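Descriptive analysis of the structure
The lines below spell out each chain.
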Amino acid sequence: MQPFTYQRAQTPQEAAQAAQKHPHARFIAGGTNLLDLMKHQVETPPHLIDVNHIGLDKITSAGDGLRIGALVRNTDLAADVRIRRDYPVLSRALLAGASAQLRNKATTAGNLLQRTRCPYFYDTSKPCNKRKPGSGCSAIGGYERNLGILGVSDACIATHPSDMAVAMRVLDAQVETISPDGSQRTIPIADLHRLPGHTPHLETNLKPGELITHVTLPKPVGGRQTYIKVRDRASYAFAAVSMAAVQLPDGRFQFAFGGLAPKPWRVEGAQNAEQILAGARTTPQNAFKKTLASRLITSALQGVKLP
Amino acid sequence: MKFTAPAGPNPIDQGKVIGHPHDRIDGRAKVTGTAAYAYERNQLAPNAAYGVMVGSTIATGKITRIDTSRAEAAPGVLGVVTYKNAGKLRKARSHAARLLAGPQVEHFDQSVALVVAETFEQARHAAKLVRVDYAPVQGRYDLAAEKANAKVPKAGQFGPSDSQTGDFESAFGRAPVTVDSTFTTPDQSHMMMEPHASIAAWHGDQLLLWTSNQMIAWAVHDTSEILGIRPEKIHVSSPFIGGGFGGKLWVRSDAILAALGARLIKRPVKVALTRAQVPNNTTHRPATIQRVRLGADPDGKLQAIAHESWSGNLNSFREERAGSQTRLLYAGANRLVTHRLADLDLPEGNAMRAPGEAVGHLSLEVAMDELAEKLNLDPVQLRVLNDVQYDPEKGPERPFSSRKLVECLQEGARRFGWSKRNPKPAQIRDGNWLIGLGVSSALRNNPTKESEARVRVDKHGKITVESDMTDIGTGSYTILAQTAAEMMGVPLHHVTVKLAESHYPVSCGSGGQFGGNSSASSVYAACVRLRQALAHKAGWDIEATTFEDGKMSCAGQSMPLAQAAGPKGLSAQDKIEFGDTQKKWAQSSFGAHFVEVGVHRVTGETRIRRLLGVFTAGRILNPKTARSQLIGAMAKGIGAALCEELVVDKRHGYFVNHDLAEYHVPVHADIPHTEVVILEEIDDKSSPMKAKGVGELGICGIGAAVANAIYNATGIRLRDYPFTPDKLLDHLPPV
């Protein structure tokens, strides 16, 4: 770990301003991912801004929907009675992630901004375009079994590891932010994460110093909601493929996927596997993900209760 | 004591303390955090500095330059050890590669430097500032590609690599029913809870090493060989060990680098490997390719058995003996077992829990399932039919010391409801889950090993046992205390057991499931001597003297042990030696695994639903610690079947998934309630304890039972471990 300075912010705007003042600073909340990255020196922020004391730890009603503070812990979000009743796919996705100990620390905003689990990203002895732009991708042609097949590029095939974000994507959540100048904006979750293209080190569309303050959920859509996560062991493993599926009261489906792409993957309006998996780019090691996703979609369309 | 003939009746048979499920006597210290593990023994070296190991980032090649100047200038840094300032270091014969590289690099993450600083954080930071330039060369990292170049390994401690009985090829050619299957098993990591850790301190020319090690005397010997100092100058201590599984049988870089660091900065140094360093810096279980051929009569009698195995290792070091169990498990007149070793430039492959048998069963016992199906025979019945009460390679003149495989299979079948199994695969469904049952035999050899202990009785009648035996979480403290309590006729809490110091008598150590039986036998032997000494001191006839209730009695007289010991106490020491008992009798512990799996019809995920293991291992010294070991080994065997795999990056020559997030061991959610049944057995030919090894038995065979259950559930026969969902998906019916 590189030596760094540390400050504890008291308000969201103070945090955003501090980030502007300290180039390459990072916000820290639960620290469940950032601390590991710092120990490996994958991330070497010179300054940490602790946002654990800026409030934003409540879930409140917002119109017909809900407004989730950025600091709400994954455990609390999963257990919230309104989430469990009106957005069950989100609760299930949260509980499919990590372990109880990690969920107790991990926050809503931190979960969205966690970084890939590609093993080469964590191994500083190997080139990685995400870690060091232009150095090359070690994963392509290496151990690719759990890496992406959709939205990937020649520069990077990493996946986004979150379960929670997949459910938020299927629910059309929105992300609220504050900038150092105090201005606020709302970003549809579809636009939060970027695809790698030639710049896999740029993972979100957040601007320097911009801080996520809330995630809002629209009016509950009802219908049948499921989250299924397929993995190599029964708990504490990242998804090979995960699927958030909502069958709306009118019978139409909404799907979003984890484990397939650099961001929660959703093809708006798509009603079958062919549409959703169009353009998949597989290798012998990870071609099974396409088969698996396709089987999951087909099962959901047939009304099979999966988990 | 020379143990050369079957044991007659002896005080252990009383079973007053031995054979009872006593809690671990070290359990409270462990769960309350007061048992100090190697890295925590701060009171012994309160001024220890922190060392952080730097590993090579290439697998094969040469260091062309090491620049430590930035690291040395970093805050708090006290010194940096590299091959340039380490002095002359030899390679111990028990290691495949040197523990400090330079200038040659033999494998990825081989240590190239140790950075020592005042704090751990300073050392970790400075470790990243060590600049090493390499001239890499292309190594050999792919077992399948090197298989054709594999050679007959040099004869090692396990005897000849090949064995032949009768004429396998012609018998196989003649056999009306045959199986010819090839299996692969991947590299696996021990992943014990406590990574390798040591604190080293020099007192003049004496080296004190507080470490985590299964074999104290080997640690002294190898440290002596590497550093070129006399063994009597080296003191090793390892009273608590957070798991080993074979990964701590030999000293590793943590110990040697700590010693070098302490010598450099003239102050104690502590070093712990990080989790991520364990797979590539230390040892692992090597991958195998195995071909099994079975030929049988139509009635199911095996006529021909062949097991050929290929593995790789660094510097032609040692082969994985995957054919071990095949030499002994089933009858059959015509047999062939071969092992071939390919040169690979991956990290050192070495012993891991039940080396050989753990992966050997994964192929043999699946091939048996295939044969049963071809014969239209029940798989339990096929195994029973081919039982043999003697070493089938050597003939009836080498009988098994005890063997209750058939009893294990039959008792297990009864308890598990095996008769309800539908032999036709893919017939049973529970919702989305395809349900199947599988069975496997289990055999793990029962090596016995010379071991020595000292037993003392003090003026209060309290007993102290001393031996350099280790407790790697297995329960050694407890069973040795039980042995001494039984022999001396005192309650368990009157016995103190002191282990794992190099100045104690040299024991067998912990490994190869020989530790419990052999070290308890040494305590037995020392107690026999102590009883003789006490009787002699009293002027009594030892043959007529009994030890019970804290007293010794003879011909109507009785005396408390405290009085018998006298004001200075009495002590006795003895070594158990096993002579040619292993030659005279084939010695193995046995078992049978029964598994019910569910395979998700859509996702291909396999989940274990029910587990039963029935075992025999001679006298069980403590049913609670034995059961714990069996359960742990069964869980590990499920890992081998379903998820454990060190993935080789064949371009760069290293294990990519080197942490516990990506190297998947089973978690609680993967292991349902595990039923363990231990059948009664007394083995008088194994040792005076009449016990056999139990620690590695549970891992043998269970993975094959999982494979067979998957086949029964789905009709899909998998032969490349582990069985992750991707391997099933293409074979499952469409949704």
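**Let's talk about the overall build of chain B**
Helix and strand content of chain B: 18 helices and 29 strands. Against the compact-globule benchmark of 27 Å for 735 residues, chain B has a radius of gyration of 27 Å, which places it among compact chains. Oriented by its inertia axes, the alpha-carbon framework of chain B measures out at about 80 × 70 × 50 Å. Here chain B holds 735 residues, and the buried ones make up 66% of them. Long-range contacts, defined as pairs at least 24 residues apart, comprise 81% of the intrachain contacts of chain B with a sequence gap of at least 6. Carbon and sulfur atoms make up 52% of the accessible area of chain B, which totals about 25,500 Å². In chain B, 85 side chains carry a positive charge and 77 a negative one; their mean positions are 3 Å apart.

**Describing the sheet that holds strand S9 (residues 224–230) of chain A**
Residues and elements named next belong to chain A. The strand order across the open sheet formed by three strands is S9-S10-S11, and the pairing between neighbours is antiparallel. Lying at the two open borders of the sheet, with one neighbouring strand each, are S9 and strand S11 (253–258). Pairs of neighbouring strands in the sheet enclose a mean axial angle of 10°, with direction left out of account. As judged from the six bridges shared by strand S10 (residues 241–247) and S11, these two strands associate in the antiparallel manner. Paired with valine 246 across the bridge in S11 is glutamine 254. Each of S9 and S10 touches helix H5 (residues 88–96); the most contacted strand, S9, lies at about 15° to it.

**Quick notes on the packing of aromatic side chains**
Residue and element names in this part refer to chain B. Going through the model one piece at a time under the given rule, you end up with 14 aromatic pairs over all chains. Ring geometry for phenylalanine 400 and phenylalanine 590: centres 5.5 Å apart, planes at 75°, overall edge-to-face. Taken together, the positions of phenylalanine 400 in the loop between helix H10 (379–385) and helix H11 (405–416) and phenylalanine 590 in strand S25 (residues 588–600) put the pair 190 residues apart, joining distant regions of the chain. Under the relative-accessibility criterion, phenylalanine 400 is labelled buried at 6%. Each ring, one from phenylalanine 416 and one from phenylalanine 594, has its centre 5.7 Å from the other, and the planes form 40°; the classification is tilted. Taken together, the positions of phenylalanine 416 in helix H11 and phenylalanine 594 in strand S25 put the pair 178 residues apart, joining distant regions of the chain. Exposure remark for phenylalanine 594: the relative accessible area of 0% places this residue in the buried category.

**Here we look at the domain arrangement of chain B**
All names here are of chain B. Partitioning chain B into structural domains gives domain 1 (2–35 + 448–579) and domain 2 (399–446 + 587–729). Using only C-alpha atoms to locate each centre, domain 1 and domain 2 end up separated by 35 Å. Of the residues lining the interface, 32 residues belong to domain 1; the matching set on domain 2 comes to 28 residues. Across the domain 1/domain 2 interface, buried area totals approximately 2,200 Å², and carbon plus sulfur atoms make up 55% of it. By the criterion of area lost to domain 2, the three top residues of domain 1 are Phe3, Gln513 and Asn517, representing 30% of everything that side buries.

**Some points on the interface of chain A and chain B**
Counting from both sides, the interface comprises 41 residues of chain A and, opposite them, 40 residues of chain B. Inspection of the region where chain A meets chain B yields one salt bridge. With its nearest N and O atoms 2.9 Å apart, the salt bridge here joins B:Asp726 to A:Arg145. Counting every contact that joins chain A to chain B gives 19 residue pairs in polar contact (both at pLDDT 80 or more). At the level of secondary structure, the elements contributing two or more residues to the side of chain A that touches chain B comprise helix H8 (119–122), S9 and helix H11 (287–301) of chain A. No other element matches H11(A), which puts seven residues into the side of chain A that touches chain B. Here the side of chain A that touches chain B is composed, by residue class, of 17 nonpolar, 13 polar and eleven charged.

**Some remarks on the nonpolar core**
Residues and elements named next belong to chain B. One finds Leu227, Ile463, Met488, Val495, Leu534 and Leu561 to be the most contacted residues of the largest nonpolar core, which totals 86 residues. A total of nine residues in this core trace back to one element, the largest contributor, which is helix H13 (residues 515–538). If you count residues domain by domain, this core takes at least three from each of domain 1 (2–35 + 448–579) and domain 2 (399–446 + 587–729). Those residues in contact with isoleucine 463, other than ones at most four positions away along the chain, are Val455, Arg456, Val457, Ala484, Met488, Val490, His494, Val495, Thr496 and Leu561. Counting 81 residues, the second largest nonpolar core, distinct from the first, contains Ala296, Val595, Ile638 and Ile699.

**Looking at the packing of helix H6 (residues 216–227) of chain B against helix H7 (residues 253–265) of chain B**
All names here are of chain B. Where H6 contacts H7, the axes come no closer than 11 Å and their chain directions differ by 50°. Looking at the two axes, H6 sits oblique to H7. The hand of the H6/H7 crossing is right-handed. Residues Thr223, Ile226 and Leu227 of H6 pack against Ile256, Ala259 and Leu260 of H7. The class makeup of the residues in the contact of H6 with H7 is five nonpolar, one polar and no charged.

**Section: the pattern of salt bridges**
Side chains that differ in sign of charge can pair as their charged atoms come close. Taken as a whole, this structure holds 64 salt bridges over all chains when the rule is applied. Among the ionic pairs, B:Asp13 bridges to B:Arg619, the shortest N-O distance being 2.8 Å. With B:Asp13 in the segment before helix H1 (27–31) and B:Arg619 in the loop between strand S26 (606–616) and helix H16 (623–642), this residue pair connects regions lying 606 residues apart in the sequence. Looking at B:Asp13, the relative accessible area reads 34%, which means it is partly exposed. A single network of salt bridges, built from pairs that share partners, joins A:Arg26, A:Glu43, A:Arg115, A:Lys130 and A:Glu203.

**Things to note about the environment of A:Glu14**
Residues and elements named next belong to chain A. If you trace the backbone, glutamate 14 turns up in helix H1 (residues 12–21). Taking the relative accessible area as the measure of exposure, glutamate 14 reaches 27% and is therefore partly exposed. Separated by 165 residues in sequence, glutamate 14 and serine 179 place their C-alpha atoms 9.9 Å apart. In contact with glutamate 14, other than residues within four places in its own chain, are Gln7, Arg8 and Ala9. Of note is the side chain of glutamate 14, whose polar atom sits 2.9 Å from the backbone nitrogen of glutamine 10.

Cut-offs used in this document
Residues numbered from 1 in each chain as written. Chains lettered and ligands numbered in written order. Predicted model: local features only at pLDDT ≥ 70, side-chain atom pairs only at ≥ 80, totals over all residues. Heavy atoms only, no water. Helix = DSSP H or I, 4+ residues; strand = E, 2+ residues; numbered from the N terminus. Rg over C-alpha atoms; globule rule 2.2 N^0.38 Å. Buried < 20%, exposed > 50% of the residue type's maximum accessible area, 1.4 Å probe, protein only. Contact = heavy atoms within 4.5 Å. Areas by Shrake-Rupley, 256 points an atom, 1.4 Å probe, with all protein chains shown as cover. Lys, Arg positive; Asp, Glu negative; His and termini not counted. Charge placed at Lys NZ, Arg CZ, Asp CG, Glu CD. Pairing = 2+ DSSP bridges. Axes fitted to C-alpha atoms, helices over the stretch in contact; angles between N-to-C directions. Phe/Tyr/Trp six-rings, centres within 6.5 Å; stacked < 30°, edge-to-face > 60°. Domains from an automatic or database assignment. Buried area = accessible area lost by both parts, 1.4 Å probe. Salt bridge = Lys/Arg side-chain N within 4 Å of Asp/Glu carboxyl O. Polar contact = N/O pair within 3.5 Å; in protein donor to acceptor, adjacent residues only side chain to side chain. Nonpolar A, V, L, I, M, F, W, Y, C, P; charged D, E, K, R; others polar. Core = buried A, V, L, I, M, F, W, Y, C linked by side-chain atoms within 4.5 Å. Parallel < 35°, antiparallel > 145°, perpendicular 65-115°, else oblique. Left-handed = near helix turned anticlockwise from the far one by under 90°.

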